[in-house]
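Fold and geometry: a report
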Amino acid sequence: MRKRKDIITSTGVTVHQKPLKLRIWNNRGYYLMFLPVFIFVIIMNYWPMLGVRYAFYDYKPVGEPSWVGLAHFTKMFSTTAFWVAFRNTLELSIMRLLISTFASVVVSVFLNEMGNLMAKKVLQTIIYLPHFMSWAVVASIFSLLLSPSSTGMVNGWLKDLGILARDQAGIYFLADTKLWRPIFYIINTWKETGWGTIIFLATLSGINPELYEAADIDGASRMQKIRYVTLPALNNTIITVLILNLAKVMNMFEPIFVLYNNAVYSVSDVIATYIYRQTFAIALPNYGYSTATGLFRSLVGGALVLICNQISKKTRGRGII
Amino acid sequence: MKKKLICMLLTAAAAASLTACGGDGSNDSPSASDSSNAAAEQTSSNGAADASAEDSSEGGYKLDKIVMVVDGTLTASVDNGQAELEKQWEEAVGVDLEIQQLDHSGYIDAVGRLFASGDYPDVMIMPADMFAQYLPTGLLWDMTEAYDNADFQKRMLLPEINEALKVKGGGRLYGFAPTYGNGCVTYVKKAWLDALDINADDIKTYDDYYNMLLRFHNEDPDGNGVNGDTYGVVAAGFVGNEAPYINYLPEFWQDAYPGILQGEDGVWYDGFQTEETRAALLRLQQAYAEGAIDPETLTASTKIAREKWFSNDQTGSSGVFTYWAGRWYQTLTDSFVKNDVDAELVQLPPIQEVGAYINREAPVWVIIDDGDGDNSREQAIFDAFFETMMDGDVVQTLWTYGAEDVHWSIHAEEFSTNADDPDKRKDYSYEEGVFHLRPSINDPNSMWTKNLFDPNLVVCELTNGYGDPSELMAAGNKFFAENSKDAPMSPVSETYTNESGTLYDAKLAVITEVVIKGGDVDAAMQTYVSTVGGTIDQCLSELNGQ
């Protein structure tokens, strides 16, 4: 006879758990409702994963896929361009994440402190707007502003201010390996900071006003209230946002793709753009190699998720997955 | 327990994904199964050449439908009268035609995805580079006999174009070029020459050319009162990503050819590692540093470079632009007119160091082989598609000018372009029976110029007398024909096919290091050799049969 499992409820009552089949039958309505979602996820999210097998094949648009074992991985790990892209992916993503999170927190606190409600709403709207522009449009705008030719606005200002001589060639901001990354971070911060403030503002609105009143009674200044009330209240949210975004660092493609060029590959090429060029820039691409690179990227991304989860457990006492 | 369950599930998923490879190849990878079989399945499934439709009346094969894949060179696009073109073609040939027009800039990629998903067309266009890479795959039908015995041979004007393609195919013809390749010539703004009192006839050497560029940059050719806000020349990159690579800046590249090419002795070598390329890079370096080249050349696409050149605001523009000959002479001129900019252009004869502009390898049309060992279907496609394409009359006119009474007409009519603008308005009036082109459908203020073929480039002439009505286009083609030489043949090598992306990246790294950053050319070349030298050696070894 099968042993029934006992469970203890939150109130400390011990109950006997019913068999699985019976539980499913009792909740059949819920399972029925869940079924379409389950099928959708299996077909759309898991079934395509079977394609990872091509990482071990030579797979071209024409001809039979042929087993090559770990050849693509051997080639990948011995290619300098791949490691450059791997390093850039981590550096660019993590720096971008830290900068944009920091900027979002600062702007959120600033908005939270604003007394004029109308000004606050106007400012919020203004800083949200760039998020809704596509990266292609953003890249076009900044390419025009930063153009090294005589029509480039920023170079024009530098000449007007005397920083550059009139007859001096303009600075090619987007083609300079020293300037490309700072420019990228600035553009990214301009575009995404506003959107990033939403979650922090929501947290700030939930802080108990009595904490501020108590601080007032204690004679705290505005800066002291920010330091001792607001920021501690944001801590958990900041960590959650950082951890959730850290899991996505390997996925960066679009902002790089629209802003980079061959002069700055050494500091801008990421794994996704590397895969893109290896796949779409040649007439008869080997999808096997692209898949191997993509698989490696996914494994690193998965590992980051697990690491983040561990960090979360240690810092917050609970994981995120 | 939960962790164990998750581990087991993940392991099972990974195992399932890998064991899925272990089965019968014909079952587990239908999307990329044997090209021939896949093509056969495809043509059978879409009914393009239904086996049940065999017609024994002539011992041949009756086609119901032809699926054609084409890039942006077919100007009769969906919003520009393609449906009418299809309809008239079907009426003339008696076979259903399905045109699949793919995005021009992403054509190579889109075709790869099409093949990988098992959607094989019957006929398709391939640029020369792409053709070279698909040649060894067995996907392309050997049309040598069909071509040699074709009716259009009687009207053949330029047999050498397709004979050269036979050489590439080891004596067999796997792709038909209905036109010659065409190439780029250097255009100079006449107004800028006049403003600086420069005579185009005096530009004969690189020094003359370079001095002209410097004057365009340092003086005030656009007459806005500011020196130094214009440039000498603009281009879409310092080097192209497809053969012949150097056609947008030929005066700087001169006798250098930054690709793998075959020497006169028949031996293949890497033209990028030659002294000629080093010298060209130094010329580009100097020109970039001195403002002779618009710095945005590094990142500009062809569209951006073009639009910058004929922009309404000439500040930041350039005096020189090397671009396609023939039809583009007319199109560029029209674009200047549209933007209210002085439209007169000078076609600069090649400077001494260049000698001749490069006629690129012609794009070809191929038939996808169904691999069933029976050529009747492919022969039927050749007869229906290629023979009529060069019939000298109705169908060739469709491919050359588009649909009758849509893109062109011989009926009496009157129309105007820019009817609302008295300064630009142009009236046209034609009598009955006179061949003429009509306004473009998606831009009624511009005249239609051609469809798929430039009438001056085709290998077989039109016999119905519908000659090219554009004087500039004809003049452009004549100028190019008199001042061009054929591009080197593209290499056919498996390693080159696999690594062409990596090789291109390595070349770009050298070019940007030297030209943009002013780096040492020898050091940059050393990096190139250490990065891809082994791959290049492997390509050369395959090409030279070692």
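Quick caveat: nothing in here was measured; it's all calculated off a predicted structure. (Residues numbered from 1 in each chain as written. Chains lettered and ligands numbered in written order. Predicted model: local features only at pLDDT ≥ 70, side-chain atom pairs only at ≥ 80, totals over all residues. Heavy atoms only, no water.)

Now for the overall build of chain B. The helix and strand inventory of chain B stands at 19 helices and 16 strands. Every one of the 546 residues in chain B was classed for burial, and the buried ones make up 58%. Counted over contacts in chain B with a minimum sequence separation of 6, partners at least 24 positions apart contribute 71%. For chain B, the exposed area adds up to about 22400 Å²; of that, 48% sits on carbon and sulfur atoms. (Helix = DSSP H or I, 4+ residues; strand = E, 2+ residues; numbered from the N terminus. Buried < 20%, exposed > 50% of the residue type's maximum accessible area, 1.4 Å probe, protein only. Contact = heavy atoms within 4.5 Å. Areas by Shrake-Rupley, 256 points an atom, 1.4 Å probe, with all protein chains shown as cover.)

All names here are of chain A. When cut into domains, chain A gives domain 1 (6-58) and domain 2 (78-316). One C-alpha centre belongs to domain 1, the other to domain 2, and the line joining them spans 36 Å. Across the domain 1/domain 2 interface, buried area totals approximately 410 Å², and carbon plus sulfur atoms make up 67% of it. A per-residue breakdown of the area domain 1 buries against domain 2 is headed by Val52, Ala55 and Asp58, which together make up 69% of the total. Inspection of the domain 1/domain 2 interface yields zero salt bridges. At the surface where domain 1 touches domain 2, the tally comes to one residue pair in polar contact (both at pLDDT 80 or more). Considering only residue class, the side of domain 1 that touches domain 2 consists of five nonpolar, one polar and one charged. (Domains from an automatic or database assignment. Buried area = accessible area lost by both parts, 1.4 Å probe. Salt bridge = Lys/Arg side-chain N within 4 Å of Asp/Glu carboxyl O. Polar contact = N/O pair within 3.5 Å; in protein donor to acceptor, adjacent residues only side chain to side chain. Nonpolar A, V, L, I, M, F, W, Y, C, P; charged D, E, K, R; others polar.)

With that settled, consider the domain arrangement of chain B. All names here are of chain B. Structurally, chain B comprises domain 1 (35-181 + 362-400) and domain 2 (184-359 + 488-543). Here the C-alpha centroids of domain 1 and domain 2 sit 34 Å apart. On the side of domain 2, 13 residues touch domain 1, which itself brings nine residues to the contact. Regarding the contact of domain 1 and domain 2, the summed buried area is about 890 Å², with carbon and sulfur atoms giving 56% of it.

So, on to the pattern of salt bridges. Residue and element names in this part refer to chain A. Tallied over the entire structure, the rule returns 30 salt bridges over all chains. Glu113 is the salt-bridge partner of Arg222, the closest N and O atoms lying 3.3 Å from each other. With a gap of 109 residues between them, Arg222 in helix α10 (residues 222-246) and Glu113 in helix α4 (residues 80-113) connect regions that are remote in the sequence. Residue Lys225 pairs with Asp216 through a salt bridge whose shortest N-O separation is 2.8 Å.

With that out of the way, let us pick up the interface of chain B and chain A. Frequently, the measure chosen for interface size is the accessible area that the parts lose on association. Taken residue by residue, the interface counts 51 residues in chain B and 35 residues in chain A. Together, the buried faces of chain B and chain A total about 3400 Å²; carbon and sulfur atoms form 57% of this surface. Counting every contact that joins chain B to chain A gives two salt bridges. Two residues, B:Asp505 and A:Arg277, come together in a salt bridge whose shortest N-O distance is 2.9 Å. Our count for the contact surface shared by chain B and chain A stands at nine residue pairs in polar contact (both at pLDDT 80 or more). At the level of secondary structure, the elements contributing two or more residues to the side of chain B that touches chain A comprise α1 (2-19), α2 (25-28), α5 (107-116), α6 (128-134) and α18 (494-516) of chain B. The element that contributes the greatest number of residues to the side of chain B that touches chain A is α18(B), accounting for eleven residues. Of the residues assigned to the side of chain B that touches chain A, the class counts are 18 nonpolar, 21 polar and twelve charged.

Attention shifts here to unusual backbone geometry. Residue and element names in this part refer to chain B. Of note, the amide linkage connecting Ala243 to Pro244 takes the cis form, showing an omega dihedral of 10°. For Pro244, the location among the structural elements is in the loop between β5 (231-234) and α11 (250-253). If you check the backbone angles, Asp340 has positive phi at about 60° while not being a glycine.

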